[in-house]
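Geometric and topological summary
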Amino acid sequence: MPGIDFAAVRAQVSLPDVLQLLHFQPVRRRGHKLRGPCPLCRNSDPRVFVADLSTNRYSCFSCRRKGNQLELWSAFRNLRCYDGVEDLCQQLGLEVPRIHRW
């Protein structure tokens with residue numbers, strides 16, 4: 001069974017792309033960092049969730065989740081990363097890049 005080329009998906013899909021799908025509304029922007037309520041734990045404190053657009057990484061100080069843009073989407077949709085990436089590509093109208101191991 002072919003796998004997913006996660007590096008290729010990370011190169012195609014940015015954290016802002018995922019945040020837009022999540023309808024994330026930042027409360028504060030400082031340079032390349034956005035702060036706002038967490039889309040995962042729904043904590044309304046505007047300081048708990050940080051999205052770093054330069055590294056495509058996020059973290060929440062309330063639920064303690066962190067990761068990259070693919071992990072954010074998977075956590076939001078409550079899917080395993082593999083299934084989450086397939087779902088994300090479908091949402092964005094992208095073909096899932098595959099790798100063949102054999």
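Preceding this paragraph is the structure being described.
Throughout, a residue's number is its position along its own chain's written sequence, starting from 1. The model is predicted, so local features are restricted to residues of pLDDT at least 70 and side-chain atom pairs to those at 80 or more, both for listing and for counting; the totals for chains, interfaces and linings are taken over all residues. Working from all heavy atoms in the structure, the side-chain values ignore hydrogens and water.

**Thoughts on the side chain of D87**
Put simply, the rule is: Helix and strand assignments come from DSSP, with helices taken as H or I runs of at least 4 residues and strands as E runs of at least 2, each series counted from the N terminus. Counting of polar contacts relies on pairs of N or O atoms within 3.5 Å, with two restrictions inside protein: one atom must be capable of donating a hydrogen and the other of accepting it, and residues adjacent in sequence are counted only when both atoms are side-chain atoms. Here, two residues are considered to be in contact whenever any of their heavy atoms come within 4.5 Å of each other.
When you line up the elements, D87 lands in helix α4 (residues 81-92). Here W73 takes part through its side chain, which lies 2.9 Å from a polar atom of the side chain of D87. Looking at D87, its side chain comes within polar contact range of the side chain of R77, at 2.9 Å. D87 has contacts with W73, R77 and L79, leaving out every residue within four places of it along the chain.

**Considerations on unusual backbone geometry**
Backbone geometry places H23, a non-glycine residue, at a positive phi of 60°. Mapped onto the fold, H23 is located in the loop between α2 (15-21) and β2 (28-30). One non-glycine residue, N78, lies in positive phi territory at about 55°. As for its position among the elements, N78 is in the loop between α3 (69-77) and α4.

**As for α3**
Quick note on the threshold: Buried residues are those whose accessible area, probed at 1.4 Å on protein chains only, stays under 20% of the maximum for their type, while exposed residues exceed 50% and partly exposed ones sit between those limits.
Listed in full, the buried residues belonging to α3 are Q69, L70, L72, W73 and S74. Residue N68 occupies the N-cap position of α3, its side-chain oxygen lying 2.8 Å from the main-chain nitrogen of L70. N78 lies just past α3 and shows a positive phi near 55°.

**Considerations on the sheet that holds strand β3 (residues 33-36)**
Backbone-to-backbone hydrogen bonds join strands into a sheet, with any given pair of strands oriented parallel or antiparallel. This is how it is decided: Two strands are counted as paired when DSSP detects at least two bridges linking them. Angles shown run from 0 to 180 degrees and are taken between the N-to-C directions of axes, each axis being a line fitted to C-alpha atoms and, for helices, limited to the stretch in contact.
The strand order across the open sheet built from 5 strands is β2-β3-β4-β5-β6, with neighbouring strands paired in antiparallel fashion. The sheet terminates laterally at β2 and β6 (66-68), the two strands that pair on one side only. For this sheet, the mean inter-axis angle between neighbouring strands, taken without regard to orientation, is 15°. Sheet topology note: the strand β4 (residues 49-52)/strand β5 (residues 57-60) ladder contains 4 bridges and is antiparallel. For D52, the partnering residue across the bridge sits in β5 and is R57. Here α3 sits on the sheet in contact with β4, β5 and β6, set at roughly 120° to β6.

**Considerations on the pairing of β5**
Walk down a regular strand and you will see the side chains alternate between the two sheet faces. Where burial is concerned, the two faces of β5 differ: the one with Y58 and C60 is buried and the one with R57 and S59 is not. In textbook terms, the turn of a hairpin is the stretch between consecutive antiparallel strands, and for β4 and β5 this stretch comprises 4 residues, one of which, N56, has a positive phi near 55°. Bridge count for β5 against β6 is 3 bridges, and the pairing is antiparallel. Of the residues in β6, the one forming a bridge with Y58 is G67. The loop that links β5 with its antiparallel partner β6 comprises 5 residues; one of these, R64, has a positive phi angle of about 65°.

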